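Observations on the model geometry
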Amino acid sequence: LDPSYTLGEVERRRRETIARLETDGVWDMNREQELPLLTQRIAIVSSAAAAGYRDFCNEIKQGGYAFRTTLFDAVVQGSSAEDSICAALEQVACQQERFDAVVFIRGGGSASDLSCFNSYRLCSYVAQFPLPVITGIGHDKDTSVADMVAHTPLKTPTAVAAWLTERMARQDGW
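Residues numbered from 1 in each chain as written. Predicted model: local features only at pLDDT ≥ 70, side-chain atom pairs only at ≥ 80, totals over all residues. Heavy atoms only, no water.

A tally of regular secondary structure across the chain gives six helices and five strands. Computed over the C-alpha atoms, the radius of gyration of the chain is 16 Å, within 12% of the 16 Å expected from 2.2 N^0.38 for a compact globule of 174 residues. In the chain, which comprises 174 residues, the share counted as buried stands at 47%. Contacts in the chain between residues far apart in sequence, at least 24 positions, make up 74% of those at least 6 positions apart. (Helix = DSSP H or I, 4+ residues; strand = E, 2+ residues; numbered from the N terminus. Rg over C-alpha atoms; globule rule 2.2 N^0.38 Å. Buried < 20%, exposed > 50% of the residue type's maximum accessible area, 1.4 Å probe, protein only. Contact = heavy atoms within 4.5 Å.)

Further remarks concern the nonpolar core. Counting residues in each nonpolar core, the largest one holds 32 residues, and the members touching the most others are Val45, Ile85, Val92, Val102 and Phe104. Residue assignment for this core shows that the elements contributing at least two residues are α1 (3-24), β1 (41-46), α3 (81-94), β3 (101-106), α4 (120-128), β4 (133-137) and α5 (145-149). Top contributing element to this core by residue count: α3, with six residues. By size, the runner-up hydrophobic cluster in this structure holds 19 residues, among which are Ile42, Phe56, Ile134 and Leu164. (Core = buried A, V, L, I, M, F, W, Y, C linked by side-chain atoms within 4.5 Å.)

So, on to the packing of helix α2 (residues 51-62) against helix α6 (residues 157-173). Remark: α2 packs on α6, axes separated minimally by 8 Å, with the N-to-C direction vectors making an angle of 20 degrees. One finds that α2 runs roughly parallel with respect to α6. Every pair of crossing elements has a handedness; the one defined by α2 and α6 is right-handed. The segment α2 lies against α6, with Gly52, Asp55, Phe56, Glu59 and Ile60 engaging Pro157, Thr158, Val160, Ala161, Ala162, Leu164 and Thr165. Considering only residue class, the contact of α2 with α6 consists of seven nonpolar, three polar and two charged. (Axes fitted to C-alpha atoms, helices over the stretch in contact; angles between N-to-C directions. Parallel < 35°, antiparallel > 145°, perpendicular 65-115°, else oblique. Left-handed = near helix turned anticlockwise from the far one by under 90°. Nonpolar A, V, L, I, M, F, W, Y, C, P; charged D, E, K, R; others polar.)

Within the secondary structure, Ala51 is located in helix α2. Along the backbone, Ala51 and Arg106 are 55 residues apart, and their C-alpha atoms lie at a distance of 8.4 Å.

Take α6 next. Counted at 1.5 Å a residue, the expected span for α6 with its 17 residues is 24 Å, and the 24 Å between its end C-alpha atoms agrees. Turning to α6, its buried residues number three or more, namely Pro157, Val160, Ala161, Ala162, Trp163, Leu164, Thr165, Arg167 and Met168. Buried positions along α6 lie against β1, α2, β3, β4 and β5 (152-154). (Expected span 1.5 Å × (residues − 1).)

Bridging between β1 and strand β2 (residues 68-73) involves six bridges; their strand directions are parallel. Residue pairing for β2: Ile42 is matched across the bridge by Thr69. Once the chain exits β1 it traverses α2 before rejoining the sheet at β2, and the crossover so formed is right-handed. (Pairing = 2+ DSSP bridges. Right-handed = clockwise from strand over helix to strand, strands pointing away.)

Checked against the element boundaries, Arg15 lands in helix α1. Given the relative accessible area of 57%, Arg15 is considered exposed. Within the structure, the side chain of Arg15 is placed 2.8 Å from the side chain of Glu11, a separation counted as a polar contact. (Polar contact = N/O pair within 3.5 Å; in protein donor to acceptor, adjacent residues only side chain to side chain.)

Below, the structure written as structure tokens:
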């Protein structure tokens, strides 16, 4: 394998996804969703076995607020990740009245590990999703197309939990 070719192909597909979402007119749709001031009912799309999911759960519990989280278990790496994540999103959409927002959680990894978060199909789902989507995918250096079209992109699963807790604290203080 020639890694420079592989990474070049990943970047080419990423740019194609961005251009297609912009052409389709869906690029800003999820950011236009209204995020409730008290965002407590959270659908989580992640793998139950992922370290990032455990980090999120630990951080959200330490915050002291009554978040109601429901996990929609999905494969978040490998050839079946895109189908699995899209299926989880479809399950959330069928129950959307139960939730204030959707959180995507996936810890770091290589560019190829995170490539499903640049696929057109998944990013189109995120962009047009009927609830605000909050992402915590990867590490500080990682920015996927799913992050770009999400309502609120944050860098890590722990950062998502901290942001939700801080948001609740601001409302509580106000």
